[in-house]
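What follows is the residue order along each chain.
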Amino acid sequence: KNKKMSDENAQTEEGVPPPIREKSIVFSIDFHPNQPVIACGVVSGAVNVYHYGPRKKDNWRIAAFKFHKDSCRSLGFTRDGKSLYTASSDMSIRSVDCATAKVVWFANRAHTSAVNCLKILNENIMSTGDDNGVIKIWDLRTNMPVTEFTEHSDFISDMVLSPDERMLISTSGDGHLAVLDLRKKKLEAMSDNVDDELLSIAIMKKGTKVVCGSQGGVLSIFSYGDWGDMRDRIVGHPQSIDTIVPIDDNMLATGSSDGMIRVVNIHPNKFVGVIGEHGDFPIERIALSNDKLLLASSSHDHLVKFWDANLFDTAPKKKLIHDDDDSM
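Residues numbered from 1 in each chain as written. Predicted model: local features only at pLDDT ≥ 70, side-chain atom pairs only at ≥ 80, totals over all residues. Heavy atoms only, no water.

Note on sheets: strands pair through backbone hydrogen bonds, and any given pair is parallel or antiparallel. On the basis of which strands lie adjacent, the open sheet formed by four strands has the order β18-β19-β20-β21 and antiparallel pairing. Looking at which strands have only one partner, the edges of the open sheet turn out to be β18 (198–204) and β21 (232–234). Going across the sheet, the axis of each strand differs from the next one's by a mean of 25°, ignoring polarity. The pairing of strand β19 (residues 209–214) with strand β20 (residues 219–223) spans five bridges and is classified as antiparallel. Its bridge partner being in β20, valine 211 is matched across the sheet by isoleucine 221. (Pairing = 2+ DSSP bridges. Helix = DSSP H or I, 4+ residues; strand = E, 2+ residues; numbered from the N terminus. Axes fitted to C-alpha atoms, helices over the stretch in contact; angles between N-to-C directions.)

In this section: unusual backbone geometry. The residue after histidine 267, namely proline 268, is reached through a cis peptide bond having omega 5°. If you trace the backbone, proline 268 turns up in the loop between β24 (260–265) and β25 (270–277). In this structure, lysine 292 is a non-glycine residue whose phi angle is positive, near 65°. Positionally, lysine 292 belongs in the loop between β26 (283–288) and β27 (294–299). The exposure class of lysine 292 is partly exposed, given its relative accessible area of 46%. (Buried < 20%, exposed > 50% of the residue type's maximum accessible area, 1.4 Å probe, protein only.)

Taken together, Arg166, Arg183, Lys184 and Lys186 make up a surface patch of like positive charges. Examined against the element boundaries, lysine 184 turns out to sit in the loop between β16 (177–181) and β17 (186–190). Given a relative accessible area of 53%, lysine 184 falls into the exposed group. (Patch = residues over 30% accessible without salt bridge, like charges linked within 9 Å, V, L, I, M, F, W, Y side chains within 5 Å. Areas by Shrake-Rupley, 256 points an atom, 1.4 Å probe, with all protein chains shown as cover. Salt bridge = Lys/Arg side-chain N within 4 Å of Asp/Glu carboxyl O. Lys, Arg positive; Asp, Glu negative; His and termini not counted. Charge placed at Lys NZ, Arg CZ, Asp CG, Glu CD.)

To continue, consider the environment of leucine 177. Checked against the element boundaries, leucine 177 lands in strand β16. The exposure class assigned to leucine 177 is buried, which follows from its relative accessible area of 0%. Sequence-wise, leucine 177 and asparagine 193 are 16 residues apart; in three dimensions their C-alpha atoms are separated by 8.1 Å. Apart from the residues lying within four places of it in its own chain, the contact partners of leucine 177 are His152, Ile169, Ser170, Ala189, Met190, Ser191, Leu198, Ile201, Val210, Cys212, Phe222 and Trp227. (Contact = heavy atoms within 4.5 Å.)

This paragraph deals with the packing of aromatic side chains. Following the criterion strictly, the structure yields seven aromatic pairs and no others. Measuring from ring centre to ring centre gives 5.2 Å for tyrosine 52 and phenylalanine 306, while their planes differ by 35°; the resulting arrangement is tilted. Highlighted residues: tyrosine 52 in the loop between β4 (47–51) and β5 (60–65) and phenylalanine 306 in strand β28 (residues 303–308), separated in sequence by 254 residues. By relative accessible area, which is 11% here, tyrosine 52 ends up buried. For phenylalanine 306, a relative accessible area of 5% translates into the label buried. In this structure an aromatic cluster arises from ring pairing among Phe31, Tyr52 and Phe306. (Phe/Tyr/Trp six-rings, centres within 6.5 Å; stacked < 30°, edge-to-face > 60°.)

Soluble globular proteins: nonpolar side chains tend toward being buried together. Residues Ala253, Ile261, Val263, Ile275 and Leu295 are the most contacted members of the largest nonpolar core, which totals 16 residues. Those elements giving two or more residues to this core turn out to be β23 (251–256), β24, β25 and β26. Among the elements that make up this core, the one with the highest residue count is β26 (three residues). Residues in contact with leucine 295, not counting those within four places in the same chain, are Val245, Ala253, Ile261, Ile275, Ala287, Leu288, Lys305, Phe306, Trp307 and Ala309. By size, the runner-up hydrophobic cluster in this structure holds 15 residues, among which are Ile169, Leu177, Val194 and Met230. (Core = buried A, V, L, I, M, F, W, Y, C linked by side-chain atoms within 4.5 Å.)

On to the pattern of salt bridges. Close approach of charged atoms allows side chains of opposite charge to pair. Summed over all chains, the structure comprises eight salt bridges. In this structure, aspartate 131 and arginine 73 form a salt bridge, with 2.9 Å as the shortest nitrogen-oxygen distance. Of the two residues, aspartate 131 sits in the loop between β11 (125–130) and β12 (135–139) while arginine 73 sits in strand β6 (residues 72–77), which places them 58 residues apart along the sequence. Judged by its relative accessible area of 19%, arginine 73 is buried. Salt-bridge contacts for arginine 262 lead to aspartate 258; the nearest nitrogen and oxygen are separated by 2.7 Å. In this structure, arginine 262 and aspartate 258 share a single accessibility class: buried. Look at the salt bridges and you will find they share partners, linking Arg79, Glu123 and Glu165 into a network.

Further remarks concern the side chain of serine 95. With respect to the helices and strands, the residue serine 95 is situated in strand β8 (residues 93–97). Residue serine 95 is classed as buried on the basis of its relative accessible area, which comes to 2%. With residues up to four places along the chain from it excluded, the contact list for serine 95 reads Ser83, Leu84, Tyr85, Lys102, Val103, Val104 and Trp105.

The predicted model of the protein chain has a mean per-residue pLDDT of 92, with 91% of residues at 70 or higher. This model gives residues 314–328 a pLDDT under 50, and the stretch forms 26 contacts once residues within four places in sequence are excluded. (pLDDT = per-residue confidence, 0-100.)

Our next topic: the pairing of β11. Where burial is concerned, most of β11 is hidden: six out of the six residues are buried. Two elements, strand β10 (residues 115–120) and β11, share five bridges in a ladder whose sense is antiparallel. Bridge pairing in β11 places leucine 118 opposite threonine 128. Taken together, β10 and the strand that follows it, β11, pair antiparallel across an intervening segment of four residues. Relative to β12, β11 is paired through five bridges, and the arrangement is antiparallel. Looking at β12, one finds that threonine 128 is bridged to lysine 136. Joining the antiparallel neighbours β11 and β12 is a turn of four residues, in which glycine 133 adopts a positive phi near 95°.

The following block contains the structure:
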């Protein structure tokens, strides 16, 4: 009993929380903007919300929902942290009031195919993308769709809002990056086909570079405003780059289907190291906490793991983990 008590109170290195174990694959994760809380969307359709902390006893489930009939593929907290929106392959969207843990709004047929991606863009608008390539823009004040884009011909994999909040930039399985003008409600630009599925997207370098992860393991780099063809590419990931998130303006973390979470510097382009891993299990999603101290990752091992997001800012003090070969 004493050993168990000490294990429960054991603090992980540098105060990084221990993993959260789910019953099945976690497709989506998102940090609460101002509390030590993380939401998990599960392949079963469940949505579970957890408090986390540096010791095992600090991790506990706050709320559990089973309102989706199929997998919860994407979710996100609003900027103020008052609501959690969830999207499912059952074509529905839900909104949960975080104070009462009650569903306050739902759309059972939000799309006509599985909803693969949901992004809270700012305090007023949300975007959702489905398996047929349709993107909808929603007014969060009325929970009504205000715009629909049908430029893509395959599943929407990821979306990001431009720094001036005028453009939505999307990636798709059709191999195109699309730039959508939210005010004019029309397509601003579309990239050439990269001959690969684009799976993830991030804006870097003070808004001048847009980085996309692909099925083939290549990071494609576009110059903002010059959307025709990529300007640079970083090879070296041995498998697909399913999820990326900026750690700062120069470095991003990548989650790959080989189970590794790598840190990559953009311009100069170089692999910095490995920040975490899930063994041989593919990484589904990575997310950065609002204070930028923690990186969370979910994988096919049913775990949500936490990592020190500043590992490579303090390299002399800590041991770096590097791949033994060039296939990082």
